[in-house]
Amino acid sequence: MPQSSHAVVVGGGIGGLTAAVALHRCGMRVTVLERAPALAPVGAALSLAPNSLRALDVIGLGDEIRGLAAWQGDGGMRTPGGRWLARTSAEAAAERFGGPLVLLTRATLVDRLAAQLPPDAVRTGVRAALADPGDTHRPARVTTADGDLEADLVVGADGIHSAVRRALFPDHPGPLYSGFTTWRLVLPVPGVEFASHETWGRGRLWGTHPLKDGRLYAYAAATAPAGGRAPDDERAELLRLYGDWHDPIPAVLAAARAEDVLRHDVHHIARPLPAYHRGRVALLGDAAHAMPPSLGQGGNQAIEDAIVLAHHRADLAAYTAARRPRTTAIARRAVRAARLSMAGGRTAVAVRDALITAVSRTGPALFLRGFDGIADWRPPQAPYAAVQAGADTQ
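Residues numbered from 1 in each chain as written. Predicted model: local features only at pLDDT ≥ 70, side-chain atom pairs only at ≥ 80, totals over all residues. Heavy atoms only, no water.

This next bit is on the overall build of the protein chain. For the protein chain, the count of helices and strands is 14 helices and 18 strands. A compact globule built from 394 residues would reach a C-alpha radius of gyration of about 21 Å, and the protein chain, at 21 Å, matches this within 12%. Along the longest, intermediate and shortest principal axes, the C-alpha atoms of the protein chain span 65 × 55 × 35 Å. When the 394 residues of the protein chain are sorted by exposure, 53% land in the buried category. Put simply, 73% of the contacts in the protein chain that link residues at least 6 apart link residues at least 24 apart. Total accessible area on the protein chain is roughly 16,800 Å²; 52% of this is exposed by carbon and sulfur atoms. Each charge class in the protein chain was averaged separately, 43 positive and 37 negative side chains, and the resulting centres sit 6 Å apart. (Helix = DSSP H or I, 4+ residues; strand = E, 2+ residues; numbered from the N terminus. Rg over C-alpha atoms; globule rule 2.2 N^0.38 Å. Buried < 20%, exposed > 50% of the residue type's maximum accessible area, 1.4 Å probe, protein only. Contact = heavy atoms within 4.5 Å. Areas by Shrake-Rupley, 256 points an atom, 1.4 Å probe, with all protein chains shown as cover. Lys, Arg positive; Asp, Glu negative; His and termini not counted. Charge placed at Lys NZ, Arg CZ, Asp CG, Glu CD.)

In the segment running from Asp247 into Pro248, the intervening peptide bond is cis, with an omega of 10 degrees. Looking at the secondary structure, you find Pro248 in the loop between α7 (234-242) and α8 (249-255).

Another point: the sheet that holds strand β15 (residues 216-223). Strand order across the open sheet formed by 7 strands is β5-β4-β13-β14-β15-β12-β16, with mixed pairing between neighbours. The two strands at the open ends of the sheet, each matched to only one other strand, are β5 (84-89) and β16 (262-268). The sheet shows a mean angle of 15 degrees between the axes of neighbouring strands, taken without regard to direction. (Pairing = 2+ DSSP bridges. Axes fitted to C-alpha atoms, helices over the stretch in contact; angles between N-to-C directions.)

At their nearest, the axes of helix α1 (residues 14-25) and helix α5 (residues 106-114) sit 9 Å apart, and the two run at 20 degrees to each other. If you check the angle between α1 and α5, you find them roughly parallel. In this structure, α1 meets α5 at a crossing whose hand is left-handed. Residues Ile14, Leu17, Thr18 and Val21 of α1 form the contact with α5, whose own contacting residues are Arg106, Leu109, Val110 and Leu113. Residue composition of the contact of α1 with α5, by class: 6 nonpolar, 1 polar and 1 charged. (Parallel < 35°, antiparallel > 145°, perpendicular 65-115°, else oblique. Left-handed = near helix turned anticlockwise from the far one by under 90°. Nonpolar A, V, L, I, M, F, W, Y, C, P; charged D, E, K, R; others polar.)

When the charged atoms of two side chains lie near each other, side chains of opposite charge can form a pair. On inspection of all chains with the given rule, the structure shows 20 salt bridges. Arg323 is the salt-bridge partner of Glu304, the closest N and O atoms lying 2.8 Å from each other. Remark: Arg323 occurs in helix α11 (residues 316-341) and Glu304 occurs in helix α10 (residues 298-311); sequence separation between them is 19 residues. According to the relative accessible area criterion, Glu304 is buried, its value standing at 0%. Within this structure, Glu304, Asp305, Arg323 and Arg326 form a network of salt bridges that share partners. (Salt bridge = Lys/Arg side-chain N within 4 Å of Asp/Glu carboxyl O.)

What follows deals with the sheet that holds strand β1 (residues 6-10). Ordered in space as β7-β2-β1-β11-β18-β17, the 6 strands form an open sheet in which the pairing is mixed. What marks the edges here is a single partner per strand, and that holds for β7 (122-124) and β17 (277-278). Note that β17 and strand β18 (residues 281-283) share 2 bridges and pair antiparallel. Directly across from His277, in β18, lies its bridge partner Ala282. Helix-sheet contacts for α1 involve β1, β2 (29-34), β7 and β11 (153-156), and the interaxial angle to β2 is about 170 degrees.

Next up on the list: the layout of surface pockets. The computed volume of the second largest pocket comes to approximately 210 Å³. For the second largest pocket, the lining is made up of 12 residues, of which Thr136, Gly279, Arg280, Ala314 and Leu316 are closest to its centre. (1 Å grid on protein atoms, 1.4 Å probe; cavity = no way out; pocket = protein on both sides within 12 Å on 5 of 7 lines; lining within 4 Å. Points joined across faces, edges and corners; volume = space filled by probe spheres on them.)

Among the nonpolar cores identified, the biggest contains 65 residues, and Leu48, Leu56, Ile65, Leu109, Leu113, Val154 and Val155 are the most heavily contacted of them. With 7 residues, α1 is the single largest residue contributor to this core. Residues in contact with Ile65, not counting those within four places in the same chain, are Leu48, Leu53, Leu56, Val102, Leu104, Leu109 and Arg112. (Core = buried A, V, L, I, M, F, W, Y, C linked by side-chain atoms within 4.5 Å.)

All right, on to the environment of Thr223 then. If you trace the backbone, Thr223 turns up in strand β15. Sequence separation of Thr223 and Arg204 is 19 residues, and the distance between their C-alpha atoms is 6.7 Å. Once residues within four sequence positions are removed from consideration, Thr223 is found in contact with Gly179, Phe180, Gly203 and Met342.

Next up on the list: helix α4 (residues 90-97). Looking at α4, one finds that the buried residues are Ala90, Ala93 and Phe97. One side of α4 holds all its buried residues, which, seen down the axis, span an arc of 65 degrees. (Arc of directions from axis to C-beta.)

With 94% of its residues at a pLDDT of 70 or more, the protein chain shows a mean pLDDT of 92. In the model, residues 385-394 has pLDDT below 50 throughout and makes 7 contacts with residues more than four positions away in sequence or in other chains. (pLDDT = per-residue confidence, 0-100.)

Another aspect to go through is the environment of Arg240. The residue Arg240 is located in helix α7 in this model. What makes Arg240 partly exposed here is its relative accessible area of 45%. Apart from the residues lying within four places of it in its own chain, the contact partners of Arg240 are Ala230, Pro231, Asp232 and Asp233. Within the structure, Arg240 has its side chain in polar contact with the side chain of Glu237 (distance 2.7 Å). (Polar contact = N/O pair within 3.5 Å; in protein donor to acceptor, adjacent residues only side chain to side chain.)

Bringing helix α12 (residues 346-361) into the picture now. When the terminal C-alpha atoms of α12 are compared, their 23 Å separation across 16 residues agrees well with the 22 Å that a helix rising 1.5 Å per residue should span. Where α12 is concerned, the buried positions are Val349, Arg352, Asp353, Ile356, Thr357 and Ser360. One side of α12 holds all its buried residues, which, seen down the axis, span an arc of 130 degrees. Residues Thr347, Val351, Leu355 and Arg361 are exposed on α12 and point more than 90 degrees away from its buried face. (Expected span 1.5 Å × (residues − 1).)

Structure follows, in structure tokens:
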């Protein structure tokens, strides 16, 4: 693929922007089409594990993002009454996987990625449709209200309800409801001290984690019918579900306003796609392999996808071969983890909690074991940024 070739990225989320930056660094002219009026990411925060931080090293952002790590000391898993099921620490996680876990707001990462692109690369308020996937003899074509764009490569990064995916694989059933809904909020809670934790109850869970800027990120999940909403507001719903759980959860809810709470049902792609590409079009992130958030790997895998896609930009079959087995396996693990964490029967929960406690006493906490084979991933090439830095010093 010549250096003057053109890539069109449909979707300006984290995966799409990472792909745009990586392709731009490879010498491609990049156009990002985002249908929202601004690059305002959906969702509050995300956790980046060492695997995606190594991927960000490729585009020169890894160390900057590592500097945002806020988790220090102990953490782990608890019961609603406050009993610790498993303990671990930031140091143990870094030692096991060769780097920290970094929690940051999605807006922070989007801003860092967008700053790496030329000023005219991102077009917001643009609805795009794939008109022709192209082939080896003709470019792909994307339709917008302002006219068509031809591209040597189109990246479908348009999320779980991807229109690009439907155009490529119209017979695929698409995402399914995972059986539970989630709430997320980022806010300051002055004077509240806590250890980073995730708490598992009966068909419900809650997590509270610190951010570098002094705020905290909290999330919750509960089994619920699809499309449900609170009769009053979602903060009131959280109070009903979690108001009597251990500290600092009541203090977090007391500090929250109704407008601070985001609620989204969780969907995932249960049947893997036959491929992550067709013609000159490649899918990444949720468009390719949406998974429950139980392993915190949705955004991480999108970042991995983006870096590997840039590496295999001239051979999309190699991209599918590199990414489909790994992401399919991780998505299945995420589904199993979600079933475990959202167990609702009294006996099942008692057995689960006893098993977690016993396993954690024999070695690394279950929280860390869940990342084995995931967080130790490395990109398929030496970081471009490192190579450039070395060249600059010679």
